[in-house]
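# Structural features, examined
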Amino acid sequence: MSKKNRKWLVFTIMCLAYMPGSYAQYQLSVYASELIQSFGLTTSQFSSLFTAPMIVAIFLSFVGGMISDKVGSKKVINISFVIAGIGMIGRVFANSYMPFFLCMALTGFSNMFVNINASKITASWFEQEKLGILMGIFGFCGQLPGAFATATTAVLFDSRTSAFIVSAIFCISVFVLWLLFVKDKPEDTMEEREKIDQENQPSIGDSLKVVLSNKGVWLVSICIMMALGSTVTLSTFMPMALQTMYGIDMKVCGTIASMLTLGNCIGSITGPIVFSKIKNVKVFVSGAAVLSFAGIIMCWRFPSIFVLHILVLYTGIMLGASMPIFLSAPVLLEGLGTKYAGSAAGVISTLQLLGAVLIPTYILTPIAGENYSLLFMLASICMVIMFLCGLLLPQFGNNQK
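Keep in mind it's a predicted model, so treat the numbers as computed, not measured.

### Details of the overall build of the protein chain
Along the protein chain, the regular secondary structure elements total 17 helices and zero strands. The buried share of the protein chain, reckoned over its 401 residues, is 56%. A separation threshold of at least 6 residues defines the contact pool for the protein chain, and within that pool the share at least 24 residues apart is 83%. Looking at charge distribution, the protein chain has the averaged site of its 24 positive side-chain charges lying 4 Å from that of its 17 negative ones.

What follows is the structure, encoded as structure tokens:
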């Protein structure tokens, strides 16, 4: 197979590798009532089952990134798929809360390591100018399995067991493709790969020093943390807010809220295209923050169902536009490149997930309570913080090599 065709095959399988963990996680939303009744769960316990894969990533992403830089992306992802496969098979047989929680935690390993290493692998195979749009496609693929699982699980499967078995088969099938066709770099000979691997394996101390002292890593991390905090707040509370404030039917509220996810998908593709024209990360990120701020302020204020659909879609596009740029940062920030991309991605991923979990649940909702107007106003403040950090971002350079 030619190098040109091989790199697209590698990228396609990498996108597929980002799917099994999310697909397995979002199957739970369909079986929420059944699991709560079968295991005798509280609402908080069920929520902990759903977020278990994310909790693993919060605590292990940074360490996982350093390990990836040290031993190589493919090796750690191989191990992560074995762990995730064990979790997916195990949850078929789990019959109480704690075993099921542990199995769900294990399912998050493959997504965590694929996410950490995505920019590193992509930058090793493709030209830098393609990295933004490719990471946008990668991010888009990460959102598809959740939507697909939520929409089709109840239709396709007659039992929870059969649904979980299929997700395990999906995970194993993707792992086989990964083993057969993916490698870290496109070098032609084993000798060349071993030589480059030795040159590009920094010590853990070196990784810590370089990544933690890089201002750009922390600014990007805060930006993506704010973007996820706003996005999750809106997607979680938009249906209840619209029903409470305007008396709109809950099914319609759910459709309106889904526009946010659709917008994120559109933004993940269009954002890198716009960025390639602007070519200034400060202007792009700060501009996206301003437009997102305007969207968050306005998207819930009008009782017209048509207008709500349009404004929420717009807000989703603006919030999603910067995400591929943030995901590309571990490779493109000065002083990092592919050598330190795993460790940098670990830091960024950790704060990204902290934003998704901590900001909506432990910061904004305790302040706002059931005052949804205040809640969304607080979510818009996240965009003010992103705007300020965006103005301080260093320009991304050519650091792939």
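Next comes the rest of the write-up.
### Describing the pattern of salt bridges
Across all of its chains, the model carries four salt bridges by this definition. The partner of Arg160 in a salt bridge is Glu34, with the nearest N and O atoms 3.2 Å apart. Taken together, the positions of Arg160 in helix α8 (residues 160-181) and Glu34 in helix α3 (residues 32-39) put the pair 126 residues apart, joining distant regions of the chain. The partly exposed category is assigned to Glu34, whose relative accessible area is 35%. For the salt bridge of Lys120 with Asp69, the shortest nitrogen-to-oxygen distance reads 2.8 Å. Of this pair, Lys120 sits in helix α6 (residues 97-125) while Asp69 sits in helix α4 (residues 43-71), and the two are 51 residues apart along the sequence. For Lys120, a relative accessible area of 9% puts it in the buried group.

### Focus: α6
Taking 1.5 Å of rise per residue, the 29 residues of α6 would be expected to cover 42 Å, and the 43 Å separating its terminal C-alpha atoms lies within 8% of that figure. In α6, a bend of some 45° at Asn117 exceeds every other bend along the element. Among the 29 residues of α6, 24 are classified as buried, and the element is accordingly described as predominantly covered.

### Topic: the packing of α6 against helix α15 (residues 323-332)
Two elements in contact, α6 and α15, have axes separated by 9 Å at closest approach and are oriented at 60°. Comparing the axis directions of α6 and α15 gives the class oblique. As α6 runs across α15, the sense of the crossing is right-handed. On α15, the residues touching Asn115, Ser119, Lys120 and Ala123 of α6 are Leu327, Pro330 and Val331.

### Considerations on empty space enclosed by the protein
Within this structure, the stated rule accounts for one cavity of 30 Å³ or more. Estimated volume of the largest cavity: approximately 80 Å³. If you go around the largest cavity, the residues you meet are Asn115, Ser119, Met135, Phe326, Leu327, Pro330, Ala345, Ile348, Ser349 and Gln352. Ranked by the residues each element gives to the lining of the largest cavity, the list is headed by helix α16 (residues 337-368), at four residues.

### Topic: the state of the cysteines
Overall, the coordinates contain zero disulfides when judged by the stated rule. Free cysteine: Cys141, not disulfide-bonded; nearest cysteine sulfur from Cys15 at 4.0 Å. With a relative accessible area of 11%, Cys141 lands in the buried category. With no disulfide of its own, Cys382 lies 11 Å from the sulfur of Cys389, the closest cysteine sulfur.

### Quick word on the packing of helix α5 (residues 73-93) against α6
When two helices pack together, their arrangement is given by the angle between their axes and by how far apart the axes lie. Where α5 contacts α6, the two axes come as close as 7 Å, and the packing angle between them is 155°. Compared by their axis directions, α5 and α6 come out roughly antiparallel. The hand of the α5/α6 crossing is left-handed. Between α5, through Ser73, Val76, Ile77, Ser80, Phe81, Ile83, Ala84, Ile86, Gly87, Met88, Gly90 and Arg91, and α6, the contact on the second element is made entirely by Phe100, Cys103, Met104, Leu106, Thr107, Phe109, Ser110, Phe113, Val114, Asn117, Lys120 and Ile121.

### Examining the nonpolar core
Counting 132 residues, the largest nonpolar core has Leu28, Phe100, Met386 and Phe396 as its most contacted members. For this core, the element with the most residues is helix α11 (residues 215-246), which contributes 14 residues. Apart from residues lying up to four places away in sequence, Phe396 is in contact with Val220, Phe275, Val281, Ile325, Ala329, Leu332 and Leu333.

What counts and how
- Residues numbered from 1 in each chain as written.
- Predicted model: local features only at pLDDT ≥ 70, side-chain atom pairs only at ≥ 80, totals over all residues.
- Heavy atoms only, no water.
- Helix = DSSP H or I, 4+ residues; strand = E, 2+ residues; numbered from the N terminus.
- Buried < 20%, exposed > 50% of the residue type's maximum accessible area, 1.4 Å probe, protein only.
- Contact = heavy atoms within 4.5 Å.
- Lys, Arg positive; Asp, Glu negative; His and termini not counted.
- Charge placed at Lys NZ, Arg CZ, Asp CG, Glu CD.
- Salt bridge = Lys/Arg side-chain N within 4 Å of Asp/Glu carboxyl O.
- Expected span 1.5 Å × (residues − 1).
- Bend = angle between axes of the 7 residues up to and from the residue.
- Axes fitted to C-alpha atoms, helices over the stretch in contact; angles between N-to-C directions.
- Parallel < 35°, antiparallel > 145°, perpendicular 65-115°, else oblique.
- Left-handed = near helix turned anticlockwise from the far one by under 90°.
- 1 Å grid on protein atoms, 1.4 Å probe; cavity = no way out; pocket = protein on both sides within 12 Å on 5 of 7 lines; lining within 4 Å.
- Points joined across faces, edges and corners; volume = space filled by probe spheres on them.
- Disulfide = S-S within 2.5 Å.
- Core = buried A, V, L, I, M, F, W, Y, C linked by side-chain atoms within 4.5 Å.

Bear in mind that shape data such as this cannot, by itself, settle questions of function.
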